[in-house]
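Each chain, written out:
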Amino acid sequence: MKNIFPLLGLVFISFVLVLVIFGVIFTIVIPINNLFQFRLGNIITGILKVSIVFILCMIWIYTVNGITKFYLDNKLKNQ
Amino acid sequence: MIINSYFNIGLIISVITCISIFICTKFLISILWKFKSTVLDFHKSKKSFVAYPGGPSIIITIVIAEIVLYYFTNESKIIAIILTTVIAGTIGLIDDLKNLKGYWKPILLLLSPIPIIFLDAYNPNLVFPLFGTVRMTIIYPLLILIAIPITANTINTIDVLNGVSSGFTLIAAIPLVFALLLKGDWIMVLATIPLILTLTIFLYYHKYPSKIFPGDSGTLSIGAMYGAIAIIGGVEIIGVIALLPAILNSFFFLASVKRFTEHKLLKIRPTIVLPNGIITAEKDPRAPITLVRLIVAGNPSSEKTIINDIMILVIFSSFLAIIVSLLI
């Protein structure tokens, strides 16, 4: 029961991140149309979209992973 | 008049589900003991064996109840739910009997969402609170293809202690029903009843101390059915939020182990069971990170306390999911 509040906090942080990051990915990044007028503009837009989605997913992964590792290391030191 | 007829259909499938799961599970436990199909319960100080797998009773009950629902409603969505559940359950049953390698399960589970795509039982509009709606005609079927294996594996990975997988999914199904009621999608509300009642009665046998374990056949079928209901009902975001503690558990495991593998094949287990039955966290940094390891880190606890903590986490995430369903 002692660890439940930090874990509730972790669930809440990942909830906020899921809403914000996946909201941005699905409603802003994916619907973007061709940004450029020149030939191959579609491909460059596609690469840009994939890169932004990848970076946003990495932000989620590293944030949640970082918090978890910091929490676990602290707890195991005191065990 | 319409609500009255929905109420009658709901009543019929509720009675069928309750009778079927009760008889099937009781019968299955005696059959499994007769054929010595049991497994060791790792988290008990005394050596105790439990009947395994209970998945067939879950799959049979869900199929019977959903077929009855299809008879009354004639909706192809119901067929998509039945097929998705049966395919995932069959893959789980093969794993229970033959022990598939870690990577085979997610690969084979890619087959389970195919009925949803081919029967066109989905709505490609995704609704995000505060951000609005987006229509994804091309990407959405691809998302379905990975979403069902993810939900099925997520429920499979959380099945670590007595009653956790069934209790967890039962609580996480409440926000789904709430969101479907808000949408006024009565057919999908009715389609969720067999899942909720099956889990409620199965939990009676699965709760601490367990008389039966669902096995991969049980966890994969309920996970796939949960995902199918969320996708077909158009309440995907609600489903993701309600399942967050289980999703985090799978994520921690994959991020620390860095490959698809079975828990039983791990060289270093995430937790240690002390002779007095208390569960403590493994200190070895190479041990995988799991939700249970995080709960007992610096706080050795009994199995019952850990189960209660996991239930508190899913109640919290379900509460967040209900708030989000009010904002959509």
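Only a predicted model underlies this, so the values are computations on that prediction, with no experimental measurement involved.

*Asks:* Can you help me understand the overall build of chain B in this one?
*Replies:* A count of helices and strands for chain B gives 13 helices and 6 strands. Computed over the C-alpha atoms, the radius of gyration of chain B is 19 Å, within 12% of the 20 Å expected from 2.2 N^0.38 for a compact globule of 328 residues. Taken along the three principal axes of its C-alpha coordinates, chain B extends 60 × 45 × 35 Å. Scored against the burial criterion, the 328 residues of chain B give a buried share of 51%. Relative to all contacts within chain B whose residues are 6 or more apart in sequence, the contacts with residues 24 or more apart total 77%.

*Asks:* What exactly am I supposed to notice about the overall build of chain A here?
*Replies:* Per the secondary structure count, chain A includes 2 helices and 0 strands. Relative to a compact globule of 79 residues, whose C-alpha radius of gyration would be 12 Å, chain A shows 18 Å and is clearly more extended. Principal-axis analysis of the C-alpha atoms places the extent of chain A at approximately 60 × 20 × 10 Å. Looking at chain A as a whole, 11% of its 79 residues qualify as buried.

*Asks:* Could you clarify how one ought to interpret the nonpolar core in this entry?
*Replies:* Where a protein is soluble and globular, its nonpolar side chains tend to be buried together. Residue and element names in this part refer to chain B. Core analysis: the largest hydrophobic core is formed by 104 residues, its most contacted members being Ala 228, Ile 229, Ile 232 and Ile 238. Ranked by the residues each element gives to this core, the list is headed by helix 8 (residues 186-206), at 11 residues. Each residue touching Ile 238, except ones within four places of it in the same chain, is listed here: Pro 175, Leu 176, Ala 179, Ala 230, Ala 321, Val 324 and Ser 325.

*Asks:* Teacher, can you tell me more about the pairing of strand 3 (residues 125-128) of chain B here?
*Replies:* Residues in a regular strand project their side chains so that they alternate between the two faces of the sheet. Residues and elements named next belong to chain B. Side chains of strand 3 alternate between two faces, with Leu 126 and Phe 128 buried and Asn 125 and Val 127 left unburied. Taken together, the 4 bridges between strand 3 and strand 4 (residues 132-135) define a ladder with antiparallel strand orientation. Paired with Asn 125 across the bridge in strand 4 is Arg 135. Linkage of strand 3 to strand 4, two consecutive antiparallel strands, is achieved through a turn of 3 residues, within which Leu 130 is found at a positive phi near 75 degrees.

*Asks:* Which parts of the structure should I look at to understand the interface of chain A and chain B?
*Replies:* How big an interface is tends to be stated in terms of accessible area lost as the parts join. On the side of chain B, 32 residues touch chain A, which itself brings 25 residues to the contact. Those elements that place two or more of their residues in the side of chain A that touches chain B are helix 1 (4-29) and helix 2 (41-78) of chain A. Its residues assigned to classes, the side of chain A that touches chain B comprises 15 nonpolar, 8 polar and 2 charged.

*Asks:* Hey, could you run me through the environment of B:Leu11 in this one?
*Replies:* Along the chain, B:Leu11 turns up in helix 1 (residues 2-34). Along the sequence, B:Leu11 and B:Pro56 sit 45 residues apart, while their C-alpha atoms lie 24 Å from each other.

*Asks:* What's the story with the packing of helix 6 (residues 139-158) of chain B against helix 9 (residues 215-232) of chain B in this structure? I'm lost.
*Replies:* If you want to describe how two helices pack, look at the angle between their axes and the distance between the axes. Residue and element names in this part refer to chain B. The geometry of helix 6 relative to helix 9 is characterised by a closest axis approach of 7 Å and an angle of 135 degrees between their N-to-C directions. On the basis of the axis angle, helix 6 is oblique to helix 9. For the crossing formed where helix 6 meets helix 9, the hand is right-handed. Residues Ile 144, Ala 147, Ile 148, Thr 151, Ala 152, Asn 153, Thr 154, Ile 155 and Asn 156 of helix 6 pack against Asp 216, Thr 219, Leu 220, Ile 222, Gly 223, Ala 224, Tyr 226, Gly 227, Ala 228 and Ile 231 of helix 9. Grouping the constituent residues of the contact of helix 6 with helix 9 by class yields 11 nonpolar, 7 polar and 1 charged.

*Asks:* Is there a simple way to think about the environment of A:Met1 in this case?
*Replies:* With respect to the element layout, A:Met1 can be found in the segment before helix 1. Its 12 C-beta neighbours within 10 Å are what place A:Met1 among the exposed residues. Discounting chain neighbours no more than four positions away, the residues touching A:Met1 are B:Thr305 and B:Asp309.

Reading the values: rules and limits
Residues numbered from 1 in each chain as written. Chains lettered and ligands numbered in written order. Predicted model: local features only at pLDDT ≥ 70, side-chain atom pairs only at ≥ 80, totals over all residues. Helix = DSSP H or I, 4+ residues; strand = E, 2+ residues; numbered from the N terminus. Rg over C-alpha atoms; globule rule 2.2 N^0.38 Å. Buried ≥ 20, exposed ≤ 12 C-beta atoms within 10 Å, placed from the backbone. Contact = placed C-beta atoms within 7 Å. Core = buried A, V, L, I, M, F, W, Y, C linked by C-beta atoms within 7 Å. Pairing = 2+ DSSP bridges. Nonpolar A, V, L, I, M, F, W, Y, C, P; charged D, E, K, R; others polar. Axes fitted to C-alpha atoms, helices over the stretch in contact; angles between N-to-C directions. Parallel < 35°, antiparallel > 145°, perpendicular 65-115°, else oblique. Left-handed = near helix turned anticlockwise from the far one by under 90°.

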